[in-house]
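Inside the fold
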Amino acid sequence: LSSVCRRAVSDERPVSTQSTWGKRLYRKFGAGDAEVFLLDTRGYRSKHHSTKAGEVPHMKTLLGDEQHDWLLDALKKCTATWKLIVSTVPLSYPTGWPHPEETGYDSWVGEHPIDLFKELKALDLTNLVWICGDVHFPNFLSYDPFDEGTPFCYEIGASPLSAHVR
């Protein structure tokens with residue numbers, strides 16, 4: 001099924017095979033004084049698993065080793081004022097269907113983003129913003145996972161334009 005889905009995405013939104021990164025979906029580009037990092041949080045993720053009885057199944061990774069290393073390396077080399085990381089799944093909101101508490105979450109919540117945040121913190125980044133999807137409401141959140149009194153990064157929840165807001 002994964003190969004069929006990748007083909008559908010490729011047919012609908014073709015990615016140039018002339019690029020240095022080929023057909024993979026994750027990539028980066030500059031936009032003014034920002035560098036935009038587009039992640040593929042579906043194609044490299046591990047399967048959900050539980051390590052003990054009663055535990056909510058979780059994924060070891062959403063990015064896989066190759067994409068994870070690419071992201072850290074690209075951010076380390078980034079000189080842009082703003083670092084925008086685009087993710088198809090939210091950092092903060094536990095998504096999944098129909099019963100994520102039983103089958104596992106489909107978001108960074110299940111990945112425990114603190115491990116990635118520690119690696120990003122070691123890079124001494126500033127102006128780090130996540131733009132995330134997969135929820136049908138807008139949000140803007142600040143994160144201070146290290147209890148330093150100032151935000152480490154921000155999350156902007158990008159709601160679909162067609163989402164019904166009450």
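Residues numbered from 1 in each chain as written. Predicted model: local features only at pLDDT ≥ 70, side-chain atom pairs only at ≥ 80, totals over all residues. Heavy atoms only, no water.

**Brief notes about the side chain of Asn139**
- Considering the arrangement of structural elements, one finds Asn139 in strand S5 (residues 139-143).
- Its relative accessible area of 17% is what places Asn139 among the buried residues.
- Not counting residues within four places of it along the chain, the set of residues in contact with Asn139 comprises Glu155, Ile156 and Gly157. (Helix = DSSP H or I, 4+ residues; strand = E, 2+ residues; numbered from the N terminus. Buried < 20%, exposed > 50% of the residue type's maximum accessible area, 1.4 Å probe, protein only. Contact = heavy atoms within 4.5 Å.)

**Structural notes on a negative patch on the surface**
- A contiguous patch of negative charge, built from Asp65, Glu66, Asp69, Asp115 and Glu119, is present on the exposed surface.
- Those elements giving two or more residues to the negative patch turn out to be helix H2 (64-77) and helix H4 (114-122).
- Looking at the negative patch element by element, the count peaks at 3 residues for H2.
- Positionally, Glu66 belongs in helix H2. (Patch = residues over 30% accessible without salt bridge, like charges linked within 9 Å, V, L, I, M, F, W, Y side chains within 5 Å. Areas by Shrake-Rupley, 256 points an atom, 1.4 Å probe, with all protein chains shown as cover. Salt bridge = Lys/Arg side-chain N within 4 Å of Asp/Glu carboxyl O. Lys, Arg positive; Asp, Glu negative; His and termini not counted. Charge placed at Lys NZ, Arg CZ, Asp CG, Glu CD.)

**Details of unusual backbone geometry**
- You will see that Asp134, though not glycine, has its phi angle at about 80°, which is positive.
- Residue position: Asp134 is located in the loop between strand S4 (128-132) and S5.
- You will see that Asp147, though not glycine, has its phi angle at about 50°, which is positive.
- Position of Asp147 relative to the elements: it lies in the loop between S5 and strand S6 (153-157).
- Residue classification places Asp147 among the exposed residues on the basis of a relative accessible area of 70%.

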